[in-house]
Amino acid sequence: MPQPLVRTTIRAIDGYVPGEQPPPGARVTKLNTNENPYPPSPRVLDAVRAVPPHALQRYPHPMARDFRAAASRVLGVPEDAILAGNGSDDILTIATRTFLAPGNILAYPEPTYSLYPVLARLQDARIVTVSWAEGWSLPIDALVATGARAIYLANPNAPSGTCVPVAAIEALARAFDGLVLVDEAYVDFADASALGLALELPNVVVSRTMSKAYSLAGMRFGFAVTRPETVREMAKVKDSYNCDAVSIAAAAAAIADQEYARGTWAKIRSERTRLTLALEGLGWCVLPSQANFVLATVPGGGAAKVHASLKERGILVRFFDARGLSDKLRITVGTPEDTDALIAALSRASGL
Ligand SMILES: Cc1ncc(COP(=O)(O)O)c(C=O)c1O
């Protein structure tokens, strides 16, 4: 393909760089992409096995009817306030294409999820970033002053794991004319959610994923909650059949089995505390996290070296060579055995 045929914008961007995914069966302690360390509910596997052949033969429901019904019951929001997507990255793509025209500004506090700038560039939108305020709090005035069409806010934030209060998000949405997209990929590990704002205020969209809290990263399923009139506009932008029949069945079964999911969240939250204390015991500085990962500063620097040494020992964590992050590692909260393996490797390795 001759390069000039590719849009200038596409040639100019690097694209999103996903975390490393080792081949199936590789013997690694995988703490680099914030998956749930526990398998999905047994009811999910039953639902997948029960998908009848004709459901594969025909197109799926374009709006993922069975998932919407299950999620509506669990979350207490109307079915038509839910838009399903092929992972929440799909929801973020749909939102960016729905709300940002070329030249419009997307603003977000930085550092945050590194997909946001990629999506904005694909749309030929402009990007204005704002530093987090003191203590990773929300820089409301600075964000409003950007003149943006849309503000994206990961809450809990990645990679910091920090959370801003819902009252601050409400203050931002009330002070701002544009869209406020609250990316709640990690909200099930946190103490509070902005879901109520998505129906109360006309300019708020909340995005959720089934990848983390429901152990379905490989299945690809996410969803947005917002007012029905906004769902209808976003639905015009999505692929007609953006969620397949198997993932709809799996996601519906997963969200319906709250007892199982909440059991994994409780274990992860308690392990988060144990991991934090263990790292602090080794002299690391750990940000208070509301997510299923922690961002920790390596004592004496050398985060890249520690990252590489851990990898040699079969332990994958995430290193970001970016402003404000190059002395830190982001570590997913795994099982107690994962924490033990990590802490043993860190304690053993001289010079780390
Ligand atoms: C803040 C944030 N939003 C969204 C996603 C995407 O999740 P999904 O697997 O639903 O596409 C991630 C994944 O790591 C994330 O960290």
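Everything below is about the structure printed above this text.
These remarks concern the structure in this document. (Residues numbered from 1 in each chain as written. Predicted model: local features only at pLDDT ≥ 70, side-chain atom pairs only at ≥ 80, totals over all residues. Heavy atoms only, no water.)

## So, the overall build of the protein
In terms of regular secondary structure, the protein is built from 14 helices and 12 strands. What you see for the protein is a C-alpha radius of gyration of 20 Å, in line with the 20 Å of a compact globule of 352 residues. Oriented by its inertia axes, the alpha-carbon framework of the protein measures out at about 60 × 50 × 50 Å. Within the protein, the fraction of its 352 residues that count as buried is 53%. Intrachain contacts of the protein at a sequence separation of at least 6 include 71% that bridge at least 24 residues. (Helix = DSSP H or I, 4+ residues; strand = E, 2+ residues; numbered from the N terminus. Rg over C-alpha atoms; globule rule 2.2 N^0.38 Å. Buried < 20%, exposed > 50% of the residue type's maximum accessible area, 1.4 Å probe, protein only. Contact = heavy atoms within 4.5 Å.)

## Thoughts on the side chain of Thr276
Looking at where Thr276 falls in the secondary structure, it is placed in helix α12 (residues 258–281). Here Arg272 takes part through its backbone oxygen, which lies 2.7 Å from a polar atom of the side chain of Thr276. (Polar contact = N/O pair within 3.5 Å; in protein donor to acceptor, adjacent residues only side chain to side chain.)

## Observations regarding the sheet that holds strand β12 (residues 328–332)
Read across the open sheet, the three strands follow the order β9-β10-β12; overall the sheet is antiparallel. Each of the sheet's edge strands pairs with one partner strand only, and the pair in question is β9 (285–286) and β12. Bridge analysis of β9 against strand β10 (residues 293–297) gives two bridges, and the strand direction is antiparallel. Bridge pairing links Val286 to Ala296 in β10. (Pairing = 2+ DSSP bridges.)

## What about the layout of surface pockets?
Here the second largest pocket is characterised by a volume of approximately 330 Å³. Along the walls of the second largest pocket sit 17 residues, with Ala55, His61, Asp66, Ala245 and Ile248 positioned nearest its centre. Counting only elements with at least two residues in the lining of the second largest pocket, the list comes to α3 (53–57), α4 (65–75) and α11 (245–256). Considering each element in turn, the lining of the second largest pocket owes the most residues, four residues, to α11. The residue makeup of the lining of the second largest pocket, split by class, is 12 nonpolar, two polar and three charged. (1 Å grid on protein atoms, 1.4 Å probe; cavity = no way out; pocket = protein on both sides within 12 Å on 5 of 7 lines; lining within 4 Å. Points joined across faces, edges and corners; volume = space filled by probe spheres on them. Nonpolar A, V, L, I, M, F, W, Y, C, P; charged D, E, K, R; others polar.)

## Side note on the packing of aromatic side chains
Scanning the entire structure with this criterion turns up 10 aromatic pairs. Taking the centre distance of 4.6 Å and the plane angle of 55° together, the rings of Phe67 and Phe221 count as tilted. Of this pair, Phe67 sits in helix α4 while Phe221 sits in the loop between β7 (204–209) and β8 (222–225), and the two are 154 residues apart along the sequence. By relative accessible area, which is 0% here, Phe221 ends up buried. In textbook terms, an aromatic cluster arises when at least three aromatic residues are bridged by ring pairs, as seen for Tyr16, Tyr108, Tyr113, Tyr116 and Tyr152. Here the basic side chain of Lys267 rests over the ring of Tyr38, its NZ or CZ set 4.1 Å away from the ring centre. When the ring centre of Phe293 is taken as origin, the NZ or CZ atom of Arg330, which lies over that ring, is 5.5 Å away. (Phe/Tyr/Trp six-rings, centres within 6.5 Å; stacked < 30°, edge-to-face > 60°. Lys NZ or Arg CZ within 6 Å of the ring centre and 35° of its normal.)

## Examining empty space enclosed by the protein
Summed over the entire model, instances satisfying the criterion amount to one cavity of 30 Å³ or more. Considered as a void within the structure, the largest cavity measures approximately 50 Å³ in volume. With three residues, α12 is the largest single contributor of residues to the lining of the largest cavity.

## Topic: the side chain of Asn242
Here Asn242 is to be found in the loop between α10 (228–237) and α11. Owing to a relative accessible area of 8%, Asn242 belongs among the buried residues under this scheme. Polar side-chain contacts of Asn242 include one of 3.2 Å to the side chain of Lys238. Not counting the four nearest positions on each side in its chain, Asn242 is found in contact with Pro62, Ala84, Gly85, Asn86, Asp90 and Ile94.

## Focus: the nonpolar core
Phe67, Met210, Leu279, Leu329, Ile331 and Leu342 are the most contacted members of the largest nonpolar core, which totals 80 residues. Per element, the largest residue contribution to this core is seven residues, and it comes from α11. Excluding residues that lie within four positions of it along the chain, Leu329 makes contacts with Trp284, Val294, Leu295, Ala296, Val298, Ala303, Val306, His307, Leu310, Val317, Arg318 and Phe319. (Core = buried A, V, L, I, M, F, W, Y, C linked by side-chain atoms within 4.5 Å.)

## Brief notes about the sheet that holds strand β4 (residues 126–131)
With mixed pairing, seven strands are arranged side by side in an open sheet as β2-β8-β7-β6-β5-β3-β4. At either end of the open sheet lies a strand with only one pairing partner, and these are β2 (82–85) and β4. On average, each strand axis in the sheet is tilted by 20° relative to the strand beside it, whichever way the strands run. Of the pairings in the sheet, the one linking strand β5 (residues 150–154) to strand β6 (residues 179–183) comprises five bridges and is parallel in character. Residue pairing for β6: Ala154 is matched across the bridge by Asp183. Its contacts with the sheet place helix α6 (residues 115–122) against β3 (105–110), β4, β5 and β6, and it is angled at close to 170° to β3. (Axes fitted to C-alpha atoms, helices over the stretch in contact; angles between N-to-C directions.)

## Some remarks on the pairing of β2
Here β2 shows a buried face lined by Ile82 and Ala84 and a second buried face lined by Leu83 and Gly85. Across four bridges, the pairing between β2 and β8 is antiparallel. Looking across to β8, one finds that Ile82 is bridged to Val225.

## Here's the deal with the site of the ligand
Taken together, Gly87, Ser88, Asp89, Tyr113, Asp183, Ala185, Tyr186, Thr209, Ser211, Lys212 and Arg220 are the residues near the ligand. The contact in question runs from an oxygen atom of the ligand to an N or O atom on the backbone of Asp89, over 3.0 Å. Between the ligand and Asp183, the relevant distance is 2.7 Å, taken from a nitrogen atom to a side-chain nitrogen or oxygen of the residue. For the ligand, the accessible surface in isolation is 400 Å², of which the surrounding protein chains cover 92%. Taken together, the residues of the shell around the ligand break down into three nonpolar, four polar and four charged. (Near = heavy atom within 4 Å. Areas by Shrake-Rupley, 256 points an atom, 1.4 Å probe, with all protein chains shown as cover.)

Any functional reading would require information that these geometric values do not contain.
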